[in-house]
Amino acid sequence: MKKRKITALLMSAVMAIGIIPSAVTMAADTQIDKAEYQYFLHNAEGSAYAVLGEKIEQKGLEFIDGLANGVKDKSEETYNEIVNLDGLDARKQYSTNYMYFKVNDDFYEKGDTEFLFSITFYDFGPSEGKYYFEYHTVNGGTKQITLIKPGTNPGWSVKTICADDVDLTKTYPNGATVRVMNGAYNAFRKFEIVNVNKARRDHKVPDVTALGNDMLRDLSNLMLLDVKDERFKNENLAKPATAYDVQDLKNIVTNNEKATNNASKTATMTQGQLVTTFMQALGMTKKNDESAVDAARRLGIVDASGLFLFDDAPATNYNLLGITNSILAYETPDGKNLLDDLISAGKYKGVDLTKISNEVFQYRYYSVPKKCPYKVITDPATGRTYKHVDFFGGNLIRPYLSNQSWTNDGKGFICGTTAGYLYLYDIEEQMMIYLDKSKPSSTNLIAGVMGDGYIYYIKSSGTEELWRIHPDTLEKELVYEFPVQVKRQERVHLQVCRVVLYQSVTLQTQQLSFVMLTSMAVLEQADLQVL
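The model shown is predicted, which means the values in this text are computed figures rather than measured ones. (Residues numbered from 1 in each chain as written. Predicted model: local features only at pLDDT ≥ 70, side-chain atom pairs only at ≥ 80, totals over all residues. Heavy atoms only, no water.)

A. View of the overall build of the chain. When its secondary structure is counted, the chain shows 12 helices and 27 strands. Classification of the 531 residues of the chain by burial places 52% in the buried group. Counting only contacts in the chain whose residues sit at least 6 apart along the sequence, the fraction spanning at least 24 positions is 63%. Only carbon and sulfur atoms are counted for the fraction: they give 50% of the accessible area of the chain, which is about 24,200 Å². (Helix = DSSP H or I, 4+ residues; strand = E, 2+ residues; numbered from the N terminus. Buried < 20%, exposed > 50% of the residue type's maximum accessible area, 1.4 Å probe, protein only. Contact = heavy atoms within 4.5 Å. Areas by Shrake-Rupley, 256 points an atom, 1.4 Å probe, with all protein chains shown as cover.)

Structure (structure tokens):
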């Protein structure tokens with residue numbers, strides 16, 4: 001079998017070691033204000049949580065505490081230490097450690113699969129970092145979600161993960177249900193879970209002020225909202241959404257900012273009224289026998305992360321941000337969406353669009369080929385030069401089947417983003433060419449170039465499918481649909497994918513020197529050999 005020899009130079013660990021001492025020193029000179037302190041201590045009503053510090057405060061779940069269990073070896077998975085950063089006690093860990101949590105059986109019922117997970121962590125900065133959240137899925141596998149630490153604003157921060165395929169009946173070591181895996185040095189303050197299925201059953205909207213506010217950040221990155229907007233700060237997310245604010249955001253995302261807003265600044269809305277307002281703006285209607293919230297779910301203009309539960313639930317600022325983000329990503333049957341309208345209407349005239357850090361925007365903007373120049377870098381240790389390309393300043397990921405990343409003529413390679421967008425990079429033209437929406441699986445892009453010249457990849461369109469696309473014509477076709485029993489077992493799934501993709505592999509011996517930089521590693525494509 002022919003294989004490519006790939007050298008991975010893991011730079012992030014070296015960088016992390018270099019920045020930690022100064023970061024801790026800076027943190028000691030800073031104190032978070034009282035409002036933020038209360039926010040980081042707050043736990044949502046009815047949630048399961050563990051607050052980590054010198055003492056462990058927990059409800060509804062158990063933190064598997066290596067410190068309490070006498071673990072002293074840093075290489076042990078459950079090893080952790082007590083630390084105080086910006087006035088908050090926490091637990092710090094190293095790259096080999098895990099945070100294990102065991103969720104109590106009485107926190108969920110059989111069939112509950114939809115949860116919000118909130119993690120309070122310390123962002124040391126100054127550069128980007130990562131850690132990972134992992135859980136068992138209802139299809140029998142596991143899912144690992146990459147969480148980015150931006151590094152731009154060192155200090156305490158919160159990440160919220162929305163998942164609707166969770167199986168809490170499966171366990172990890174020590175009987176744990178879910179776990180957090182470190183990529184380097186990390187410190188954590190709090191872990192929290194909201195059972196969305198239970199909230200819907202109880203006809204009760206959960207308190208969300210303890211959850212992270214990535215939605216405001218995304219709209220800020222799109223230059224549609226000011227990240228300092230008081231309406232949508234963390235402590236105000238649980239406040240009722242007023243008719244005025246709903247109309248204000250609807251006008252912004254539908255490019256009607258100059259329209260007069262005569263709506264009431266005191267009248268509040270229900271979730272049903274909120275989704276109906278946005279459905280009407282998009283020309284959508286519900287069926288006679290369904291609720292507005294159910295219709296919005298079916299149409300895809302809300303998702304689980306927006307916490308839309310039932311029509312008569314009070315709509316909050318959190319819900320308003322959720323639906324605003326969702327409709328920007330909503331794709332009409334003709335392949336268009338609101339971001340296309342904003343771009344074509346001149347919303348971003350004079351703006352360097354490559355600087356807009358929003359993955360949905362990037363997908364829309366780069367859905368047509370774009371010039372993406374590479375840089376030539378020199379390894380200071382060896383003097384060897386490499387070509388280095390990233391995704392317009394953002395992260396790229398290599399395919400899970402990395403042996404077949406390169407086209408057979410050696411003039412391009414396939415790569416992607418964590419959201420599952422698949423691209424072909426043309427080295428000679430220095431062009432990034434969009435191929436398709438693949439299947440995102442954490443940072444695993446399941447794709448490969450075969451001996452017949454086609455790019456084969458896995459995508460999810462309600463079912464798990466194997467597709468192929470020709471790199472010259474960009475024509476796509478369905479090759480194989482995986483049976484249900486394969487989808488239920490993720491490890492089997494991956495093995496089947498690998499077998500199908502490896503069947504026709506015939507790689508030519510080449511000598512290439514090219515580098516793709518991710519936030520975790522430099523991957524050198526060199527010395528193609530027959531093994």
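B. Layout of helix α4 (residues 214–221). Taken residue by residue, α4 has Met-215, Leu-216 and Leu-219 as its buried positions. End-on view of α4: buried residues confined to an arc of 100°, all on one side of the axis. Tucked inside the fold, the buried residues of α4 contact α8 (317–329). Note on α4: the residue one or two positions beyond its end, Met-223, has a positive phi of about 60°. (Arc of directions from axis to C-beta.)

C. Representation of the sheet that holds strand β23 (residues 455–460). Strand order in this open sheet of 4 strands is β22-β23-β24-β25, and the pairing throughout is antiparallel. For this open sheet the edge positions go to β22 (447–449) and β25 (476–481), each flanked by a neighbour on one side alone. The sheet shows a mean angle of 30° between the axes of neighbouring strands, direction not considered. Taken together, the 5 bridges between strand β24 (residues 464–469) and β25 define a ladder with antiparallel strand orientation. What sits directly across from Glu-465, in β25, is Glu-481. (Pairing = 2+ DSSP bridges. Axes fitted to C-alpha atoms, helices over the stretch in contact; angles between N-to-C directions.)

D. Up close: the nonpolar core. One finds Leu-224, Leu-321, Leu-328 and Tyr-348 to be the most contacted residues of the largest nonpolar core, which totals 53 residues. Elements that contribute at least two residues to this core include exactly α3 (196–201), α4, α5 (243–253), α6 (271–281), α7 (292–299), α8 and α9 (338–344). When neighbours within four sequence positions are excluded, Leu-224 is seen to be in contact with Leu-219, Ile-252, Val-253, Leu-328, Leu-342, Lys-347 and Tyr-348. One finds Phe-63, Tyr-135, Phe-188 and Ile-193 within the second-largest nonpolar core, a separate group that totals 27 residues. (Core = buried A, V, L, I, M, F, W, Y, C linked by side-chain atoms within 4.5 Å.)

E. Expanded view of the confidence of the model for the chain. Looking at the chain as a whole, the pLDDT averages 78, with 81% of positions reaching at least 70. Ranking the elements of the chain by mean pLDDT puts helix α1 (residues 12–28) last with 26 and strand β7 (residues 98–103) first with 96. With pLDDT under 50 throughout, residues 486–531 is counted as low confidence; its partners more than four residues away or in other chains account for 142 contacts. (pLDDT = per-residue confidence, 0-100.)

F. Representation of the sheet that holds strand β14 (residues 370–371) in the model. With antiparallel pairing, the 4 strands of this open sheet are ordered in space as β14-β19-β18-β17. Each of the sheet's edge strands pairs with one partner strand only, and the pair in question is β14 and β17 (412–416). Here β14 runs beside strand β19 (residues 431–437); their pairing, made up of 2 bridges, is antiparallel. Residue pairing for β19: Lys-371 is matched across the bridge by Met-431.

G. Main features of the pattern of salt bridges. A full pass over the atoms with the stated rule returns 21 salt bridges. Across the pair Glu-114 and Arg-200 runs a salt bridge whose closest N-O atoms are separated by 3.4 Å. Note that Glu-114 is positioned in the loop between β7 and β8 (115–123) and Arg-200 in helix α3, a separation of 86 residues in sequence. Between Lys-170 and Asp-167 there is a salt bridge whose closest N-O contact spans 3.0 Å. Since its relative accessible area comes to 41%, Lys-170 is described here as partly exposed. Through salt bridges that share partners, Asp-229, Arg-231, Asp-245 and Asp-248 make up one connected network. (Salt bridge = Lys/Arg side-chain N within 4 Å of Asp/Glu carboxyl O.)

H. The pairing of strand β12 (residues 178–182), seen in detail. With 5 of its 5 residues buried, β12 lies for the most part within the structure. The side-chain alternation of β12 yields two buried faces, one formed by Val-178, Val-180 and Asn-182 and the other by Arg-179 and Met-181. The sheet contact formed by β7 and β12 spans 4 bridges and is antiparallel. Its bridge partner being in β12, Phe-101 is matched across the sheet by Val-178. Of the strand pairs in this sheet, strand β9 (residues 129–136) and β12 are connected by 5 bridges, and their pairing is antiparallel. For Tyr-132, the partnering residue across the bridge sits in β12 and is Met-181.

I. Representation of the packing of aromatic side chains within the structure. Evaluation of the coordinates by the stated rule reveals 25 aromatic pairs. Relative to Phe-188, the ring of Tyr-131 has its centre 5.3 Å away and its plane inclined at 75°; by these criteria the two rings are edge-to-face. In this pair, Tyr-131 sits in strand β9 while Phe-188 sits in strand β13 (residues 186–195), placing the two residues 57 residues apart along the sequence. When its relative accessible area of 0% is taken as the criterion, Tyr-131 is described as buried. In this structure an aromatic cluster arises from ring pairing among Phe-63, Phe-101, Phe-115, Phe-117, Phe-133, Tyr-135 and Phe-191. Its end group placed over the ring of Tyr-244, Lys-265 keeps NZ or CZ at 4.7 Å from the ring centre. Its guanidinium or amino end placed over the ring of Trp-467, Lys-459 lies 4.7 Å from that ring's centre, counting from NZ or CZ. (Phe/Tyr/Trp six-rings, centres within 6.5 Å; stacked < 30°, edge-to-face > 60°. Lys NZ or Arg CZ within 6 Å of the ring centre and 35° of its normal.)

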